[in-house]
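Listed here are the chains, written in short residue letters.
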Amino acid sequence: MKEKWNLKIQAIENGTVIDHIKAGQALNVLRILGISSAFRATISFVMNASGARSKKDVVKIEGKELSVEELNRIALISPKATINIIRDFEVVQKNNVVLPSYVEGVVRCVNSKCISNSSEPIKSKFSVFQSEEEGVTLHCLYCEHVISEDIAENLL
Amino acid sequence: MKGENLADTIRVISNYADLIVLRHPLDGSVRMAAEFASVPVINGGDGSVHHPTQTFLDLYTIRRESHLEGLKIAMAGDLKYGRTVHSLCHALSLYGAEMTFVSPPELRMPPEIVRDLQKNKIGIKETDSLEEIIGDVEVLYMTRVQRERFPDPEEYEKVKNRLRVTGDLLRTADPDLKILHPLPRVNEISPEVDSTPHACYFEQAFYGVPIRMALLALALGVIE
């Protein structure tokens, strides 16, 4: 059993491990980080792994340390995720993701009449807010539309 | 017209003019234009979001013909897509207005605007009946319900006739009630209302001239 587990989540020598991702959101984490087929580093991920309290996803990016700004975008869809920077198989830095106050070019405005959805040479821009009643909300800096749910569905 | 994007158009016009006044059908277009322009940009109305110069003249009209502080105002008609009312209620929240929104359910004020106003402790009431509120307000701001918002023409006819200001309706109004409208109107204010002391909409249209002159002068640095 132990051996099978190791095959699934192998330790990496250098890179970034994103842990405690909300179960089912690993692919969206890759999208939010802009990781596509053009990305050269080796990526491995596990979905619905058994965590200490509940199921979680884990993403490992080998040989690449992503910037804090890039990683904090993950908070939009998985606010409890943690970031581990690995060097020589050791965790040299461990942080919780922090919700950014502003995101650009990450999420599509849900208002189809918003100028950011047209063919203009601009990226979507949002101020990010968090409240107990509404959770995470994105306020479009062009059309002022508020996205309060389905943030993951509207990732660019 | 030749398929160029707005950003290019704005960059070109920036080289020709001292100032740009832009009216555009897409939401947020003017804010984007300001990012690309090298001259001042005045929002002449963007999509269904804002119409700030209309708001300046609305505020001026209300101040001249009624009063601004603690005003009891009803806004009626298409509150969902009507950009004049969106801008106006944000501006009036600075003066502690009590606001009543009168519209059919499908054309209610967008929830994000209502939330913003409530955060600023603005008293808000929502209803679909002018009769219910006409005796309690000092200003009635009418807007046109636009036919194109309704896929079903019958539904439009029903709504259109429900929100109508007539001599009959005004019998129970405050004698000092002022009626404003950004114009053009279709049939939401009956012509018999035009000759009553309540009607302010043509004066309001006139105030748009000095207000916009002042805004142009300010933006161009002619006055401070």
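Computed from a prediction, not measured in an experiment: that's the story for all the values here.

S.K.: Explanation requested: the domain arrangement of chain A in the structure shown.
M.R.: A common measure of how large an interface is: the accessible area buried when the components associate. All names here are of chain A. The domain architecture assigned to chain A consists of domain 1 (2-96) and domain 2 (102-154). Using C-alpha coordinates to define each centre, domain 1 is positioned 25 Å away from domain 2. Taken together, the contact pairs seven residues of domain 1 with eight residues of domain 2. Here domain 1 and domain 2 share an interface that buries about 580 Å² over both sides, 75% of which is from carbon and sulfur atoms. The tally of links from domain 1 across to domain 2 stands at zero salt bridges.

S.K.: How do you make sense of the interface of chain A and chain B when you look at a structure like this?
M.R.: At the interface, 17 residues of chain A touch 20 residues of chain B. Between chain A and chain B, the buried area comes to about 1500 Å², and carbon and sulfur atoms account for 50% of it. Summed over the shared surface of chain A and chain B, the number is three salt bridges. Notably, a salt bridge pairs Glu35 of chain B with Lys125 of chain A, separated by 3.0 Å at the nearest N-O pair. Where chain A packs against chain B, one counts 12 residue pairs in polar contact (both at pLDDT 80 or more). Its residues assigned to classes, the side of chain A that touches chain B shows eight nonpolar, four polar and five charged.

S.K.: Which parts of the structure should I look at to understand the environment of His90 of chain B?
M.R.: All names here are of chain B. The topology assignment puts His90 in helix H4 (residues 83-92). Judged by its relative accessible area of 24%, His90 falls in the partly exposed class. Among residues more than four places away in sequence, those in contact with His90 are His50, Ile113, Asp116 and Leu117.

S.K.: Please clarify how H4 of chain B should be interpreted in this entry.
M.R.: For an α-helix the count is 3.6 residues per turn, leaving residues at separations of three or four pointing the same way. Burial within H4 of chain B is extensive, with nine of its 10 residues counted as buried. Turning to H4 of chain B, its buried residues are Arg83, Thr84, Val85, His86, Ser87, Leu88, Cys89, Ala91 and Leu92 of chain B.

S.K.: So what exactly am I meant to see when it comes to the confidence of the model for chain A here?
M.R.: When pLDDT is low, close inspection of the predicted coordinates is not appropriate. Taken over all residues, the pLDDT of chain A has a mean of 88, while the share at 70 or more is 94%. Mean pLDDT values for the elements of chain A range from 53 in helix H1 (residues 2-8) of chain A up to 95 in strand E6 (residues 102-104) of chain A.

S.K.: Would you mind going over the pattern of salt bridges with me for this structure?
M.R.: Think of it this way: side chains of opposite charge can pair up when their charged atoms draw near. Counted according to the given criterion, the structure contains eight salt bridges over all chains. Where Glu65 of chain A meets Arg87 of chain A, a salt bridge forms, and the shortest distance between an N and an O atom there is 2.7 Å. Of this pair, Glu65 of chain A sits in the loop between strand E3 (55-62) and helix H3 (68-72) while Arg87 of chain A sits in strand E4 (residues 82-87); the two residues are 22 residues apart in sequence, bridging distant segments of the chain. Residue class for Glu65 of chain A comes out partly exposed when judged on its relative accessible area of 41%. Note that Arg171 of chain B and Asp168 of chain B form a salt bridge whose closest N and O atoms lie 2.9 Å from each other.

S.K.: Would you mind going over the UniProt feature "binding site: Zn(2+)" (unreviewed entry) in chain A with me for this structure?
M.R.: UniProt feature "binding site: Zn(2+)" (unreviewed entry): in the numbering of this structure it lies at Cys109, Cys114, Cys140 and Cys143 of chain A. The greatest C-alpha distance among the residues just named is 8.8 Å, despite their covering 35 residues of sequence, which places them together in space. Turning to its location among the elements, Cys114 of chain A is positioned in the loop between E6 and strand E7 (125-131). Here Cys114 of chain A is in contact with Cys109, Cys140, Tyr142 and Cys143 of chain A together with Asp27 of chain B, once residues within four sequence places are set aside. Tracing the backbone through its elements, the reader meets Cys140 of chain A in strand E8 (residues 135-140). With residues up to four places along the chain from it excluded, the contact list for Cys140 of chain A reads Cys109, Cys114, Lys125, Phe126 and His145 of chain A.

S.K.: Is there a simple way to think about the sheet that holds strand E9 (residues 146-147) of chain A in this case?
M.R.: What holds strands together in a sheet is hydrogen bonding between their backbones, with the strands either parallel or antiparallel. All names here are of chain A. Here we have four strands laid out as an open sheet, ordered E6-E7-E8-E9, and antiparallel in their pairing. Strand pairing shows two members of the sheet lacking a second neighbour, E6 and E9, which therefore form its edges. In this sheet, E8 lies alongside E7 in antiparallel orientation, the contact comprising six bridges. If you follow Ser127 over to E8, its bridge partner there is His139.

S.K.: I would appreciate a short explanation of the nonpolar core in the present structure.
M.R.: Looking at soluble globular proteins, one finds that nonpolar side chains tend to be buried together. By size, the foremost hydrophobic cluster in this structure holds 50 residues, and its most contacted members are Ile18, Leu33, Ile74, Leu76, Val107 and Leu138 of chain A. In terms of nonpolar packing, the next biggest core, distinct from the first, is built from 24 residues, Ile62, Leu71, Val85 and Ile113 of chain B among them.

S.K.: I would appreciate a short explanation of the sheet that holds strand E5 (residues 90-96) of chain A in the present structure.
M.R.: Residue and element names in this part refer to chain A. Spatial strand order, E2-E3-E1-E4-E5: five strands in an open sheet with antiparallel pairing. Of all the strands in the sheet, just strand E2 (43-50) and E5 have a single pairing partner and so form its edges. Across the sheet, the mean angle from the axis of one strand to that of its neighbour is 15°, orientation sign disregarded. Note: strand E1 (residues 15-22) against E4, five bridges, orientation antiparallel. Each residue of the ladder has a partner; that of Val17, found in E4, is Asn84.

S.K.: Quick question: what am I supposed to make of a nonpolar patch on the surface here?
M.R.: On the surface, a cluster of nonpolar side chains totalling about 530 Å² of accessible area is made up of Val21, Leu216, Leu218, Leu220, Val222 and Ile223 of chain B. Along the chain, Leu220 of chain B falls in the segment after helix H8 (201-219).

Criteria and thresholds
- Residues numbered from 1 in each chain as written.
- Chains lettered and ligands numbered in written order.
- Predicted model: local features only at pLDDT ≥ 70, side-chain atom pairs only at ≥ 80, totals over all residues.
- Heavy atoms only, no water.
- Domains from an automatic or database assignment.
- Contact = heavy atoms within 4.5 Å.
- Buried area = accessible area lost by both parts, 1.4 Å probe.
- Salt bridge = Lys/Arg side-chain N within 4 Å of Asp/Glu carboxyl O.
- Polar contact = N/O pair within 3.5 Å; in protein donor to acceptor, adjacent residues only side chain to side chain.
- Nonpolar A, V, L, I, M, F, W, Y, C, P; charged D, E, K, R; others polar.
- Helix = DSSP H or I, 4+ residues; strand = E, 2+ residues; numbered from the N terminus.
- Buried < 20%, exposed > 50% of the residue type's maximum accessible area, 1.4 Å probe, protein only.
- pLDDT = per-residue confidence, 0-100.
- UniProt positions renumbered as here; feature names shortened; annotations may be inferred.
- Pairing = 2+ DSSP bridges.
- Core = buried A, V, L, I, M, F, W, Y, C linked by side-chain atoms within 4.5 Å.
- Axes fitted to C-alpha atoms, helices over the stretch in contact; angles between N-to-C directions.
- Patch = residues over 30% accessible without salt bridge, like charges linked within 9 Å, V, L, I, M, F, W, Y side chains within 5 Å.
- Areas by Shrake-Rupley, 256 points an atom, 1.4 Å probe, with all protein chains shown as cover.

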